[in-house]
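Understanding the architecture of this molecule
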Amino acid sequence: MEAVVYVVVSVVAVAVAVVVILLVSRRGARVETDPGGVETRATGLGARLRVVFSSLDSDTWTRLEDALLAADVGPAPTSRIIERVRSQSPKTAQEARALLSDAVRAEFADTDRGLNLWGEPSVIVVVGVNGSGKTTTVAKLAHHLVQQGKSVLLAAADTYRAAGSEQLDVWGQRIGVPVVTGQEGGDAAAVVYDALESARARSIDVVIVDTAGRLHDNKNLMEELKKVHRVAGGEGGVGEVLLVLDATAGQNGLAQVREFGSAVPVSGVALAKMDGSARGGIVVAVESTLGVPVKLVGTGETISALDPFDPSAFVASLLAE
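Described in the following lines is the structure provided in the data block. (Residues numbered from 1 in each chain as written. Predicted model: local features only at pLDDT ≥ 70, side-chain atom pairs only at ≥ 80, totals over all residues. Heavy atoms only, no water.)

The next subject is the packing of aromatic side chains. If you walk through the whole model with that rule in mind, you get 3 aromatic pairs. Where Phe-108 meets Phe-309, the ring centres are 5.7 Å apart and the plane angle is 45 degrees; that geometry is what we call tilted. Of this pair, Phe-108 sits in the loop between helix H5 (93-105) and strand E3 (122-127) while Phe-309 sits in the loop between strand E10 (306-308) and helix H12 (311-319), and the two are 201 residues apart along the sequence. For Phe-108, a relative accessible area of 4% translates into the label buried. Owing to a relative accessible area of 6%, Phe-309 belongs among the buried residues under this scheme. (Phe/Tyr/Trp six-rings, centres within 6.5 Å; stacked < 30°, edge-to-face > 60°. Helix = DSSP H or I, 4+ residues; strand = E, 2+ residues; numbered from the N terminus. Buried < 20%, exposed > 50% of the residue type's maximum accessible area, 1.4 Å probe, protein only.)

As a further point, take the pairing of strand E7 (residues 240-246). Of all 7 residues in E7, 7 are buried, a share of seventy percent or more. Going residue by residue along E7, you find Glu-240, Leu-242, Val-244 and Asp-246 tucked away on one face and Val-241, Leu-243 and Leu-245 tucked away on the opposite face as well. Judged from the 4 bridges that link them, E3 and E7 form a sheet pairing that is parallel. Following the sheet pairing, Val-125 is matched in E7 by Val-241. Strand direction decides the pairing type here: E7 and strand E8 (residues 268-272), joined by 5 bridges, are parallel. (Pairing = 2+ DSSP bridges.)

As a further point, take unusual backbone geometry. A cis amide bond links Glu-120 to the next residue, Pro-121, at an omega of 5 degrees. Position of Pro-121 among the secondary structure elements: in the loop between H5 and E3. The residue Ser-89 is not glycine, and still its phi comes out positive at about 45 degrees. Along the polypeptide, Ser-89 turns up in the loop between helix H4 (75-86) and H5. A positive phi angle, close to 55 degrees, is found at Ser-203, a residue other than glycine. The topology assignment puts Ser-203 in the loop between helix H8 (188-202) and strand E6 (206-211). Assessed through its relative accessible area of 59%, Ser-203 is described here as exposed.

Laid out in C-alpha cells, this is it:
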C-alpha cells in the first residue's frame, strides 16, 4: 500500500513540474512591469518602449536610457538620442516614439552604401572574428552578385581552419562559382595571388577573399591579414574590405571594428545573424562612433538572405513592438 501511495505522489509531483515548465516556457522572455501595471515581453527595444513611455514623467528618460543601453546602442549615442527627444518635450507616448525614431535615424549618415566594385577584377576582402558568420556571408554575397549578372570567383584564404576551404568549396558548388583553395596551413597570401591570376585568365568580374577567422587582438594573425590585403591589392587595389560583425556581439563589436581597422582599411560592415534574438543596436554605435557604414545585413539562413542595409527600415525594425 505504501508503495502505491509513493508511486501516486511521484506521478503527481512530476505532473506539477511539467505544468510549471510549460507555463514558464509560454511566458517566453522576461516580463517587465511598469509602475502603472503595463506588462511587456522584454524581447527587444521596441517591446521595452511600452514600459518606457507608459507615462511621461521625470523617470521616462532613465527608463529610456536603460532600454537603449540594453539594446547595445552604446553610451554616447544613447546620450545624444535622449537629448534630442527630451529637448522637444513630447506630450504623448506616440509623439515620443516618433521623435525617438527620428533621433535614432539621425545617428546614421546619409552616405553611399553601395559596394565599391572597380578594377579588373574587382576585389572584396572579407574579414572577421571566429564564429561571426563570415564564410556564410561570403557565400551569400557571391550569390547576391551572381544574381546581378556578375561573374564571381572565391578565394579560400582561410588556410588555418581544417574545414575552411572545404566549407567554401561546398558553397561554391551550390552557387555555381569557382573556388581557388590552397593547402591546409599554407600561405594564405599565395592563395589570393593564385585566385587573382585565375580570375584574370577567366575574365572574372569579382574576386571575394574569405580570410581566416581570427581574434581581433591576435597581433601575429593581424600581421598576416595585412599581407593578404597587400597581395589582394595586386595591380588594381582592393575595392572593398568588409568586416562581418555578429549582431549579437554587443559592445565588443566596437573593439573589433577598431582593431581590424588598424590593420586593414575597413570600408564597410556586413551585419550577420540579425535573424532570431539579435538586438542589433550595436549598428548605431558602429556607425555614429566609428564612422564605418553598414552596407549589408544578413536576415536569415537561406543563401538569398542578404540585403543592402537601409537605415530607415532598420530603425523601424529596431523600434517595432
